[in-house]
Amino acid sequence: MTPPKEFLKKIKPFSFLSEAHLDRLVNSMEVVMFPENISIYHQGDFSPAVYMVYSGLVGLYGNTEIVDIVSKGEIFGLWSVVNSTPSLYEAKTLQETICYAFEASTFVKVYEQNPNFASFFKSLAERRFSLFCQMAQDEKPLPEDFGMAEVGTIISRSPVTCNITNTITEAVQLMEREKVGSIVVLDNTKAVGIITNKDLRRALLEGLQNVRISKLMSSPPIYVDKQTPIIEAYTKMLNHGIDHLIIVDNEERVVGVITSKDIFTHLVPFFSILTLYRKIIKATNIETIGNIFRLLKIAIADMSIKGLSFHRLSRMITSVYDTITNQVIRLLSSEVYDQDFVWIHMGSSGRKEQVITTDQDNAIILLSSNTFLELASRINDALEKIDIPKCSANYMASNKNWHLSLEGWKELFRRWFEEPTSDHLRYLTVFLDMRPIYGDPEPLKELLDHIYKSSTNQSIRLLAYDATVLNPPIGIWGIKGLKQGIDLKKYAIYPIVNGIRVLSLDNKILEITNTIERIQALRDIKAIGIQMSEDLKEAFDFMQTLRLRHQSKAIKYGKPADNNISAKELDTLDIIILKESLKITASFQKMLKSRYNIERGL
């Protein structure tokens, strides 16, 4: 048997403790062996000690129903001891078990004198998994705000503005006085354009001093909300070929202007990734884009392996995929214009939740009498050549079934809702996550209005059933099948995605496609509670992070990437949090069953 002190040193958060505090705990500790099927303490009792399982299994029971399994390296009895409250559960051995039993008063003193030690337990109890994982990391992770910090945080000064009626001369004087390189042009309080130092120099050379600024400004202005991640703002600047970007608040009032230099200053440690990203924009052929994309995937995989979470990386991955798709469409559609069709993404891309091995899920809304099946086929082929696989179910724009006019799409959704067969329900789970990638987004907004009007209570209830039919693999002995591997996407992530989509449809907020953003929107309108929303966000991000890390390692070492996570690639803390995350998923499914009366039959 490993000496207790050496055993504890290898387990967080005991590794946070000083030698002195660790010695105090070990000196107060007893090694206790419990036979199978014996109660260590009962529900409503005060736990006599804080127990850590060295070998064996302990079940925690609430009202005779098992609610958790405690295995090697896990602790029970802690909250009863540190809070001096009766235990909510009975602790009962499921097999012969050996425990380290820490004397209660000594444990409380060490707990109170070590904030990191205490915070570790609190963050897990409160299901703040991101904080829990951050504390558990041995290596210093990549900067938390890399590319994901809000763009509003890098605004260096208040915006300089002028009125649409001002002249070029007045604008030059203002720019000189304020020492800025751009001026936002306003009509009352609304931004209607922007003019830069380069524009003004050209105007003066051409003798246009007395011309109104409205004649030379760039309009309509390109802008983003101040809460937009920096990497998305940079993407927008690249896609529009601009060097100045207007930043607005939630009411579209101008709060600042940033330049590409501002972004590079912030992201200088990751210049190589941004350089690759810019090369995609400048690429003139499919082969070049494919070569750059392969390098980008490896760079992003490195970030995942080093500790960046899914929440922070997924937006970057989405930006890369969106940019590649736009560039491919531009390269292959020289005689087609963006007013001819809208290129739509669905699935994980539609939700901005792509992982590195995402396949294609796309469609077209036709805006003219022409069809573009041949062009769509070439686009799908090119994306596959770049290493974005085709959809095995053929949910692609080259399929005539998903290559329709706006009226054609409206008719499809009307039929799917009125006749909710298994096929039609499957189509709804795919196409209710539509997001425009190329072309005018307005037709999709019109389609969403039609969807809201067409949805039926019956179809919503059946979609809710679909979100609850696959149960997370939680069993009496822990996570079922984890030793061999479980499909994290199928049994853990998709139940949350599908359930949140149902609630979003029911509450008419499909214009938001991202699952985390949908959860927040549902919380804001009180469609789900605060605790449930926070639990779901933490669980979803953690499980997606595990999945992304799993795929990143496969890509890094040249192996096939899939969604099957096994115990051998997880440490004890990963398994603990995964178990908690699966419980949250199961609890969410239970709430859906109750809300939509699923347990009463369909």
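Before any of the text, the structure's been laid out above.
Residues numbered from 1 in each chain as written. Predicted model: local features only at pLDDT ≥ 70, side-chain atom pairs only at ≥ 80, totals over all residues. Heavy atoms only, no water.

(A) Looking closely at the side chain of K410. The residue K410 is located in helix α16 (residues 406–418) in this model. Residue K410 is classed as buried on the basis of its relative accessible area of 13%. Among residues more than four places away in sequence, those in contact with K410 are E446, L447 and H450. (Helix = DSSP H or I, 4+ residues; strand = E, 2+ residues; numbered from the N terminus. Buried < 20%, exposed > 50% of the residue type's maximum accessible area, 1.4 Å probe, protein only. Contact = heavy atoms within 4.5 Å.)

(B) Inspection of the sheet that holds strand β8 (residues 97–103) at higher detail. Reading across the sheet, the 4 strands line up as β1-β8-β3-β6 and stay open at both edges, with antiparallel pairing between neighbours. For this open sheet the edge positions go to β1 (29–34) and β6 (75–76), each flanked by a neighbour on one side alone. Two elements, strand β3 (residues 49–55) and β8, share 6 bridges in a ladder whose sense is antiparallel. Across the sheet, residue V53 finds its bridge partner in β8, namely C99. Across the face of the sheet, helix α4 (residues 104–113) comes into contact with β3 and β8 while running at roughly 70 degrees to β8. (Pairing = 2+ DSSP bridges. Axes fitted to C-alpha atoms, helices over the stretch in contact; angles between N-to-C directions.)

(C) Geometry of the packing of α16 against helix α17 (residues 422–431). Interaxial distance between α16 and α17 falls to 9 Å at its minimum, and their mutual angle equals 130 degrees. Classified by the angle between their axes, α16 and α17 sit oblique to one another. The handedness of the crossing between α16 and α17 comes out as left-handed. Between α16 and α17, the residues in contact are W409, F413, R415, W416 and F417 and H424, Y427, L428 and F431, respectively. Counted by class, the contact of α16 with α17 contains 7 nonpolar, 1 polar and 1 charged residues. (Parallel < 35°, antiparallel > 145°, perpendicular 65-115°, else oblique. Left-handed = near helix turned anticlockwise from the far one by under 90°. Nonpolar A, V, L, I, M, F, W, Y, C, P; charged D, E, K, R; others polar.)

(D) Representation of the sheet that holds strand β11 (residues 190–196). Pairing is mixed across the open sheet formed by 3 strands, whose spatial order is β9-β10-β11. Pairing within the sheet leaves two strands with one partner each, and these edge strands are β9 (161–163) and β11. Adjacent strand axes in the sheet meet at a mean angle of 35 degrees, parallel and antiparallel pairs treated alike. Taken together, the 6 bridges between strand β10 (residues 182–187) and β11 define a ladder with antiparallel strand orientation.

(E) Focus on the environment of I168. Tracing the sequence through the fold places I168 in helix α7 (residues 168–178). The sequence separation of I168 and I213 amounts to 45 residues, and the corresponding C-alpha distance is 5.3 Å. Not counting chain neighbours up to four residues away, the residues in contact with I168 comprise I195, L200, A203, L204, L208, Q209, V211, I213 and L216.

(F) Layout of a nonpolar patch on the surface. Residues V67, L88 and Y89 make up a contiguous nonpolar surface patch of about 280 Å² in total accessible area. Checked against the element boundaries, Y89 lands in the loop between α3 (78–83) and β7 (90–93). (Patch = residues over 30% accessible without salt bridge, like charges linked within 9 Å, V, L, I, M, F, W, Y side chains within 5 Å. Areas by Shrake-Rupley, 256 points an atom, 1.4 Å probe, with all protein chains shown as cover. Salt bridge = Lys/Arg side-chain N within 4 Å of Asp/Glu carboxyl O.)

(G) Region of the structure containing the packing of aromatic side chains. In the structure shown here, the tally under the stated rule is 26 aromatic pairs. Ring plane angle 50 degrees and centroid distance 5.4 Å describe the contact between W409 and F431, whose orientation is recorded as tilted. Of this pair, W409 sits in helix α16 while F431 sits in helix α17, and the two are 22 residues apart along the sequence. Across the pair, F431 and W409 agree in class, each one buried. For K92, the ring lying beneath its charged end belongs to Y61, and the centroid distance is 6.0 Å. (Phe/Tyr/Trp six-rings, centres within 6.5 Å; stacked < 30°, edge-to-face > 60°. Lys NZ or Arg CZ within 6 Å of the ring centre and 35° of its normal.)

(H) Representation of the environment of P159. With respect to the helices, strands and loops of the structure, P159 is situated in the loop between α6 (129–136) and β9. Taking relative accessible area as the criterion, P159 reaches 25% and is therefore assigned partly exposed. Remark: the alpha-carbon pair of P159 and S377, spanning 218 residues in sequence, is separated by 46 Å. Apart from the residues lying within four places of it in its own chain, the contact partners of P159 are V254, V255 and G256.

(I) Structural view of the pattern of salt bridges. Counted by the stated rule, this structure contains 25 salt bridges. Residue K390 is joined to D381 by a salt bridge in which the shortest nitrogen-to-oxygen separation is 2.5 Å. Given the relative accessible area of 35%, D381 is considered partly exposed. Its salt-bridge partner being K537, residue E534 comes within 3.2 Å of it at the nearest N-O pair. Residue E534 and its partner K537 are located together in helix α22 (residues 530–556), separated by 3 residues, close to a single helical turn. Taken together, the shared-partner salt bridges connect R351, E353, D433, R501 and R518 into one network.

(J) Structural view of the packing of helix α13 (residues 310–332) against helix α15 (residues 373–386). With their axes 10 Å apart at the nearest point, α13 and α15 run at an angle of 130 degrees to one another. The angle between the axes of α13 and α15 places the two elements in the oblique class. Classified by chirality, the crossing of α15 by α13 is right-handed. Residue-level inspection shows I324, T325, V328, I329 and L332 of α13 in contact with α15, the latter providing L375, R378, I379, A382, L383 and I386. Along the lines of polarity and charge, the residues of the contact of α13 with α15 split into 9 nonpolar, 1 polar and 1 charged.

(K) Just unusual backbone geometry, in detail. Between S219 and the following residue, P220, the backbone shows a cis peptide bond with an omega angle of -5 degrees. Although it is not a glycine, N394 sits at a positive phi angle of roughly 65 degrees. Its location among the elements puts N394 in the loop between α15 and β17 (403–405). Residue N394 is classed as partly exposed on the basis of its relative accessible area of 33%. Here N597, not a glycine, exhibits a phi torsion of approximately 55 degrees, which is positive. In this structure N597 comes out as partly exposed when scored by relative accessible area, which is 33%.

(L) Spotlight on helix α18 (residues 442–454). For α18, built from 13 residues, the straight-helix expectation of 18 Å at 1.5 Å per residue is met to within 8% by its first-to-last C-alpha distance of 19 Å. Turning to α18, its buried residues number three or more, namely P443, L444, L447, L448, H450, I451, Y452 and S454. Tucked inside the fold, the buried residues of α18 contact β15 (341–345), β16 (362–366), α16, β18 (435–438) and α20 (488–506). (Expected span 1.5 Å × (residues − 1).)

Nothing here speaks to function; it is all geometry.
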